[in-house]
Amino acid sequence: MAAPGNEEEELTQEQTEKLLQFQDLTGIDSMDQCRRTLEQHHWNIEAAVQDRLNEQEGVPSVFNPPSSRPLQVHTADHRVYSYVVSRPQPRGLLGWSYYLIMLPFRFTYYTLLDIFRFAIRFIRPDPRSRVTDPVGDVVSFIQNFEEQYGRIHPVFYQGTYSQALNDAKRELRYLLVYLHGDDHQDTDEFCRTMCNPEVVNFINTRMLFWACSTSKPEGYRVSQALRENTYPFLAMIMLKEQRMTVVGRLEGLLRAEDFVNQLTFIMDANATYLVSERLDREERNQTQVLRQQQDEAYLASLRADQEKERKRKEAQEKRRREEEDVRQQLLAEEKRQQSLQEEKERKSECLPPEPFPDNPDSVKIVFKLPNDTRVERRFLFTQSLTVIYDFLFSLKETPEKFQIVANFPRRVLPCLPTEREPNPPTLQQAGLSRCEVLFVQDLTDD
């Protein structure tokens, strides 16, 4: 088996954080118990906390179904206050005579009853050992109590014993448990004592009060846990040293005055523990609030850092896209210029040869380029205006887009084919003379 230290080292950082958070949320002191619970829920902290809250409300855990064993409450403290009221001894000759006469009959009756019950257990298990409807058992007892003693009584806790313990623990209140023995000779008188207005007011203002009959499975199970000796039986339970503990036991018939005095004594004797628990819980709550505030501040800082990082990456991505766009534009422009140059060279190679000056059909044309450069060349009257355009296009000084304009009269020469005139006219048809000056107009910006 690995040492505890090694087990802690095997946890990941995320699991360790969940372990500490689960302990803060549930208040469980045992780290091993916290770890086992989280492992059962596959480290799903929401499911583990919800299941823990369900257990505290009396709903069985999905991993721990209700057990038939008695409920566990710490009762081994030697400082438990116990007050037992014995039945009064017989007085006078008549009293002792009656007592001695009835003693053999009582002894025989209870002995035979115990033997009968003991034998029955071998034949049929006690049906009270199987708790199927704990809330129903409590509600049934309350209804029977009101039918017999009226509706003026302490406020009974209408829930299971486990729920009463959890509420007393959560609210840091005393829990008074009353186990009702149906067949006991003092039960009727004690129940009427509990309906005393002074007792009712004392219980309702100072503590939670849970009661059930031991003839019911829920009451029998609590009886097995608290191990009462006689009836009527009362147990005072409170949160002491981080666990629910029986701090007082009252057994036997009590008068109203003794009832209140004994409970007051128990509460006064344990008041410091309850105050200490309240201070400890307040400190834990403050620590939890502080840790939550620190976690929220850390998360806010983390979100701010993440937002900064996101914006930084977005800016980087934007710059990268802009640089890529510029590079693509440069490449496209470079490719276009290269294609343009190749087109100029092709046009230049396809130009017809320049006619001689003494050719009677030759036309001398002077071109004035947009950069004030002059270019001179001869063409034939029979040649198309397209030849003039191709010549100018092949020149390096000529803009990429241009048109050719004549001044007298001012007109734009139709050098390129159109839908209406797919075949541009010849120089003669365009009305050019043997010596012309034509202007090249830049259309690149248009």
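Parameters at a glance
Residues numbered from 1 in each chain as written. Predicted model: local features only at pLDDT ≥ 70, side-chain atom pairs only at ≥ 80, totals over all residues. Heavy atoms only, no water. Pairing = 2+ DSSP bridges. Helix = DSSP H or I, 4+ residues; strand = E, 2+ residues; numbered from the N terminus. Axes fitted to C-alpha atoms, helices over the stretch in contact; angles between N-to-C directions. Expected span 1.5 Å × (residues − 1). Buried < 20%, exposed > 50% of the residue type's maximum accessible area, 1.4 Å probe, protein only. Contact = heavy atoms within 4.5 Å.

*Asks:* Looking at this structure, I do not really get the sheet that holds strand S6 (residues 362-368). What am I missing?
*Replies:* Sheet strands line up and pair through hydrogen bonds in the backbone, either parallel or antiparallel. As summarised here, the arrangement of the five strands in space is S7-S6-S10-S8-S9, forming an open sheet in which the pairing is mixed. Unpaired on one side and paired on the other, strand S7 (374-380) and strand S9 (410-412) mark the two borders of the sheet. When strand polarity is set aside, the average angle formed by the axes of neighbouring strands in this sheet is 30°. Both strand S8 (residues 402-407) and strand S10 (residues 435-442) contribute to a ladder of five bridges, which runs antiparallel. Note on S10: the bridge partner recorded for Ile404 is Val440.

*Asks:* Just checking my understanding: could you explain helix H12 (residues 271-350) for this structure?
*Replies:* An α-helical segment advances 3.6 residues per turn. Residues three or four places apart therefore align on the same side. Between its terminal C-alpha atoms H12 stretches 116 Å, which fits the 118 Å expected from 80 residues at 1.5 Å a residue. Inspection of H12 places Leu274, Glu277, Arg281, Leu340 and Lys344 among the buried residues, and these make up the whole buried set. Packing partners of the buried residues in H12 comprise helix H7 (161-171), strand S2 (174-180), strand S4 (233-240) and helix H13 (385-394).

*Asks:* What is the right way to look at the pairing of S8 in this model?
*Replies:* In regular strands, side chains alternate between the two faces of the sheet. With three bridges connecting them, S8 and S9 associate as antiparallel partners. Of the residues in S9, the one forming a bridge with Asn407 is Arg410. The turn linking S8 back onto S9 is made up of two residues.

*Asks:* Looking at this structure, I do not really get the environment of Gly219. What am I missing?
*Replies:* With respect to the element layout, Gly219 can be found in helix H10 (residues 217-226). C-alpha of Gly219 to C-alpha of His180: the two residues are 39 residues apart in sequence and 8.1 Å apart in space.

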